[in-house]
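Each chain, letter by letter, is given below.
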Amino acid sequence: FPLIYEPRSENSTSITFDWIAFLVFIASSLGLSLKMVSYKVEQSIQQGYFFGYNEARMICVYVNLFCAMGYWARVSAHAGGADGAFCYAGLENLLTGPMMIIDLLWALNLPYKFSHGAGLLSCGVAACFMSSTEGSARYMWFSAALLLLTVTWGSALPLVMARLVGGDD
């Protein structure tokens, strides 16, 4: 199955970048978590059960944590060669793109969050099929993945640019 792939190279550059990526994602996850949890609302709005935690805004923490665990799986595979780590890393590669675009559109309060996420997930599935086929079928799946990626990002970028340039809430 294409989600279980060959182990990554064992050169020092690959190991170093896997460690750097893990540390960046775990630090951003912890930093965002502290920022979200320490946020205080006005006293008139605050309820007895609410201490500043906003679960809808915490998706960015979970996305970063998910990415960190993917890189931790790669780092642990470098250390011990565990096959399950490669399965998780492959699954992480498949799900990270959709999760990150949903998070981006959610943070900017834009429409079509899950439609764009589904488009990137379809692109990832096409890429998995591409990696498991040979010959001309591989190029057909590559074309499908490239088309899905182009259409998804081509429709998401104008939304993001309109929000960032226009600044409307």
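See the structure printed just above.
If you're wondering where the values come from, they're calculated on a predicted model, not measured in any experiment. (Residues numbered from 1 in each chain as written. Predicted model: local features only at pLDDT ≥ 70, side-chain atom pairs only at ≥ 80, totals over all residues. Heavy atoms only, no water.)

Could you give an account of the packing of helix 1 (residues 12-38) against helix 2 (residues 59-80), with specific residues and numbers?
Two measures define how a pair of helices packs: the angle their axes make with one another and the distance between the axes. Running from N to C, helix 1 and helix 2 cross one another at 155°; their axes reach a closest spacing of 8 Å. One way to sum up the angle between helix 1 and helix 2 is to call them roughly antiparallel. Where helix 1 crosses over helix 2, the two elements pack in a sense that is left-handed. Here the contact of helix 1 with helix 2 is composed, by residue class, of 17 nonpolar, 6 polar and 2 charged. (Axes fitted to C-alpha atoms, helices over the stretch in contact; angles between N-to-C directions. Helix = DSSP H or I, 4+ residues; strand = E, 2+ residues; numbered from the N terminus. Parallel < 35°, antiparallel > 145°, perpendicular 65-115°, else oblique. Left-handed = near helix turned anticlockwise from the far one by under 90°. Nonpolar A, V, L, I, M, F, W, Y, C, P; charged D, E, K, R; others polar.)

Could you give an account of the environment of Ala-27, naming the residues involved and the relevant values?
One can find Ala-27 in helix 1. Taking the C-alpha atoms as reference points, Ala-27 and Asn-64, separated by 37 residues in sequence, lie 8.9 Å from one another.

Account for the packing of aromatic side chains, with residues named and values stated.
Tallied over the entire structure, the rule returns 6 aromatic pairs. Seen in terms of ring centroids, Trp-106 and Phe-114 are 6.2 Å apart; in terms of plane orientation they differ by 80°. Their pairing is edge-to-face. An aromatic cluster of at least three residues, connected via ring pairs, comprises Trp-19, Phe-22 and Trp-72. (Phe/Tyr/Trp six-rings, centres within 6.5 Å; stacked < 30°, edge-to-face > 60°.)

Which residues make up helix 4 (residues 113-131), and what values go with them?
In this model, helix 4 (19 residues) spans 27 Å end to end at C-alpha, consistent with the 27 Å of a helix rising 1.5 Å per residue. Within helix 4, the full set of buried residues consists of Lys-113, His-116, Gly-117, Gly-119, Leu-120, Cys-123, Gly-124, Ala-126 and Cys-128. (Expected span 1.5 Å × (residues − 1). Buried < 20%, exposed > 50% of the residue type's maximum accessible area, 1.4 Å probe, protein only.)

With reference to specific residues and values, describe the environment of Cys-123.
Here Cys-123 is to be found in helix 4. For the pair Cys-123 and Leu-147, spaced 24 residues apart in the sequence, the C-alpha separation amounts to 8.3 Å. The contacts of Cys-123, once residues within four sequence positions are left out, are Ala-145, Leu-148 and Leu-149. (Contact = heavy atoms within 4.5 Å.)

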